[in-house]
Amino acid sequence: MDPKAFYAMSYGVYVVSAWDNGRPTGCTANCAAQITSSPATVMVSINKDNYTNKCIKDCGHFAISVLAETSDPAIIGTFGFRSGQDYNKFDDVDYSVKDKMPVLDDCCAYIACKVIDKMETSTHTVFLGEVIGAETVKKATPMTYAYYHGVIKGKTAKNAPTYIAEEENAGAAEKYTCPVCKYEYDGDIPFEELPDDWVCPICGAPKKIFEKK
Ligand SMILES: Cc1cc2nc3c(=O)[nH]c(=O)nc-3n(C[C@H](O)[C@H](O)[C@H](O)COP(=O)(O)O)c2cc1C
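Read on for an overview of the structure. Computed from a predicted structure; not experimentally measured.

Here the focus is the overall build of the protein chain. When its secondary structure is counted, the protein chain shows three helices and eleven strands. Of the regular secondary structure in the protein chain, the N- to C-terminal order runs β-β-β-β-α-β-α-β-β-β-β-α-β-β. With respect to the principal axes defined by its C-alpha atoms, the protein chain has extents near 55 × 40 × 35 Å. In the protein chain, the proportion of contacts linking residues at least 24 apart, taken out of those at least 6 apart, comes to 63%.

Given below as structure tokens:
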């Protein structure tokens with residue numbers, strides 16, 4: 001099997017949110033898709049180790065905030081490389097409650113769902129949700145997974161269904177890499193000349209912890 005064949009598949013970049021006993025939480029996800037139109041249903045695939053998985057099961061609902069190319073990339077890091085179990089991710093972002101679900105303000109659309117079925121795979125739960133509300137939040141180009149990798153230069157987290165172990169070692173050239181989210185700095189200004197208060201554009205980690213590889 002050639003794992004690179006999976007790179008030919010297309011995805012978006014989303015924040016899947018749920019309630020944790022009245023507290024909003026969620027995680028970055030690329031594995032989401034519409035399944036039927038009437039009634040409207042969508043699916044998300046969420047790792048069993050993700051705290052969001054437990055919260056969706058407990059509250060029986062989830063919402064998908066569809067990120068745009070203009071969305072702050074730090075959202076992806078905050079929601080994709082930290083656990084909501086010990087951190088209030090929604091403290092870092094503006095959000096609104098729509099159709100009774102927490103939705104990011106910095107997204108181009110949202111889809112709120114009630115869980116109507118689920119399938120347990122070896123590592124992920126596939127949640128099937130019936131859509132209870134969906135709106136366009138602002139006119140913007142939705143972010144694709146290819147844009148996240150190609151333009152933002154983001155990496156996939158280990159718990160994403162699309163994670164390929166080799167990705168971690170890709171790119172042999174010497175680079176400054178964020179130890180938290182694996183972002184590789186490739187800006188025009190030499191890394192050493194960046195100001196001391198410069199932070200990782202994906203997860204907000206400080207410059208001083210970047211590793212030269
Ligand atoms: C670009 C990107 C895509 C991701 N896609 C998924 C996904 O589709 N499903 C999933 O379970 N985790 C995915 N993840 C990983 C979770 O976002 C990550 O494990 C997160 O820290 C879980 O947070 P939680 O424990 O608060 O739920 C993705 C992460 C990134 C950065």
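The next subject is the site of the ligand. Taken together, 27 residues are adjacent to the ligand, and Thr28, Asn47, Thr52, Arg82 and Gly84 come closest. Take Ser83: an N or O atom from its side chain is 3.4 Å from an oxygen atom of the ligand. In isolation the ligand offers 640 Å² of accessible surface; the protein chains occlude 97% of this area. Put simply, the ligand lies in the largest pocket. For the shell around the ligand, the secondary structure elements donating two or more residues are strand E2 (23-29), strand E4 (40-47), helix H1 (51-59), helix H2 (74-80) and helix H3 (145-150). Tallying contributions element by element places E2 first for the shell around the ligand, with four residues.

Listed as buried for H1 are Tyr51, Thr52, Asn53, Cys55 and Ile56. Just downstream of H1 lies Gly60, where phi reads positive at about 75°.

Throughout the structure, instances matching the rule amount to eight salt bridges. Linking Lys153 and Asp186 is a salt bridge whose minimum nitrogen-to-oxygen distance equals 3.9 Å. Here Lys153, found in the loop between H3 and strand E10 (176-177), pairs with Asp186, found in the loop between E10 and strand E11 (211-212); they are 33 residues apart in sequence, far enough to count as distant. Linking Lys175 and Glu184 is a salt bridge whose minimum nitrogen-to-oxygen distance equals 3.8 Å. Judged by relative accessible area, Lys175 falls into the partly exposed class, the value being 27%. By relative accessible area, which is 16% here, Glu184 ends up buried.

Another aspect to go through is the packing of aromatic side chains. Scanning all chains against the criterion turns up ten aromatic pairs. When the centroid spacing of 5.1 Å and the interplanar angle of 85° are considered together, the rings of Phe79 and Phe90 count as edge-to-face. Placement of the pair is Phe79 in helix H2 and Phe90 in the loop between H2 and strand E6 (95-98), with a sequence separation of eleven residues. By the burial criterion, Phe79 is buried, and Phe90 matches it. One aromatic cluster is present, built from ring pairs that chain together Tyr176, Tyr185, Phe191, Trp198 and Phe210.

Next up on the list: the pairing of E4. Burial analysis of E4 places seven of its eight residues in the buried class, the great majority of the element. What sits between the antiparallel neighbours strand E3 (residues 32-37) and E4 is a turn of two residues.

Quick notes on the rules
- Residues numbered from 1 in each chain as written.
- Predicted model: local features only at pLDDT ≥ 70, side-chain atom pairs only at ≥ 80, totals over all residues.
- Heavy atoms only, no water.
- Helix = DSSP H or I, 4+ residues; strand = E, 2+ residues; numbered from the N terminus.
- Contact = heavy atoms within 4.5 Å.
- Near = heavy atom within 4 Å.
- Polar contact = N/O pair within 3.5 Å; in protein donor to acceptor, adjacent residues only side chain to side chain.
- Areas by Shrake-Rupley, 256 points an atom, 1.4 Å probe, with all protein chains shown as cover.
- 1 Å grid on protein atoms, 1.4 Å probe; cavity = no way out; pocket = protein on both sides within 12 Å on 5 of 7 lines; lining within 4 Å.
- Sits in = over half its atoms within 2 Å of the grid points.
- Buried < 20%, exposed > 50% of the residue type's maximum accessible area, 1.4 Å probe, protein only.
- Salt bridge = Lys/Arg side-chain N within 4 Å of Asp/Glu carboxyl O.
- Phe/Tyr/Trp six-rings, centres within 6.5 Å; stacked < 30°, edge-to-face > 60°.
- Pairing = 2+ DSSP bridges.

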